[in-house]
Amino acid sequence: QVQLVESGGGLVQAGGSLRLSCAASGTIFSVSTMGWYRQAPGKQRELVATITSGAATNYADSVKGRFTISRDNAKNTVYLQMNSLKPEDTAVYYCNADVALNYRSIYYRYWGQGTQVTVSS
């Protein structure tokens, strides 16, 4: 019913930048909070950043000042601009979105398939 498709991952040297995108499509009435999480090998998935429909943002301490989350509500798309990347940022990055399917629906959380970000030292 709802698909989230991420793009923009890749290999970058330490100090470099990448921009991730995640577009939600399908049967969508409304999108509330959208966010990015990441999971490094052998570690649990962790929050990177979230953004509400009103553009209020929240960041993990480890990325504050380096990453910026934004969204285009008309396109149901969320972005993550990642600057000053470090090797410890290497992980699979997942986006999510809280989506209402119709005006009477509660919000359900959907996840993307993940995109690999690798930062070399």
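For the structure itself, look to the data block above.
All residue numbers refer to position in the chain's written sequence, counted from 1. At least 70 in pLDDT is required for a residue's local features to be given in this predicted model, at least 80 for side-chain atom pairs to be given and counted, and no such filter applies to totals for whole chains, interfaces and linings, which use all residues. Just so you know, side-chain values use all the structure's heavy atoms and leave hydrogens and water out.

In this section: the overall build of the protein. Assigned secondary structure in the protein consists of zero helices and eleven strands. The helix count covers DSSP runs of H or I at least four residues long, the strand count covers runs of E at least two residues long, and both are numbered beginning at the N terminus. Along the chain direction, N to C, the helices and strands of the protein fall in the order β-β-β-β-β-β-β-β-β-β-β. Structurally, the protein occupies a C-alpha span of about 50 × 25 × 25 Å along its principal axes. Counting over 121 residues, the protein shows a buried share of 44%. The long-range share in the protein, meaning contacts at least 24 apart out of those at least 6 apart in sequence, stands at 56%. Within the structure as shown, the protein displays about 6400 Å² of accessible surface, and the carbon and sulfur contribution to it stands at 48%. Considering the protein, the positive charge centre built from 11 side chains and the negative charge centre built from 7 side chains are found 3 Å apart. Buried means the residue's accessible area, taken with a 1.4 Å probe over protein chains only, is under 20% of the maximum for its type, while exposed means over 50%, and partly exposed covers the values in between. Here, residues are in contact when the closest pair of their heavy atoms is within 4.5 Å. Method for areas: the Shrake-Rupley scheme with a 1.4 Å probe, in which residue coverage is limited to the protein chains shown. Counting rule for charge: Lys and Arg are taken as positive, Asp and Glu as negative, and neither His nor the chain ends is counted. Charged side chains are reduced to one point each, which is NZ for Lys, CZ for Arg, CG for Asp and CD for Glu.

Read from one edge of the open sheet, four strands run E1-E3-E8-E7, paired in antiparallel fashion. Looking at the sheet topology across the chains shown, the edges are occupied by strand E1 (2-7) and strand E7 (67-72). Direction aside, the axes of adjacent strands within the sheet are offset by 15° on average. Pairing between two strands is assigned when DSSP locates at least 2 bridges connecting them. For helices, the axis comes from a line fit to the C-alpha atoms of the stretch in contact; other axes are also lines fit to C-alpha atoms, and the angle between any two N-to-C directions lies between 0 and 180 degrees.

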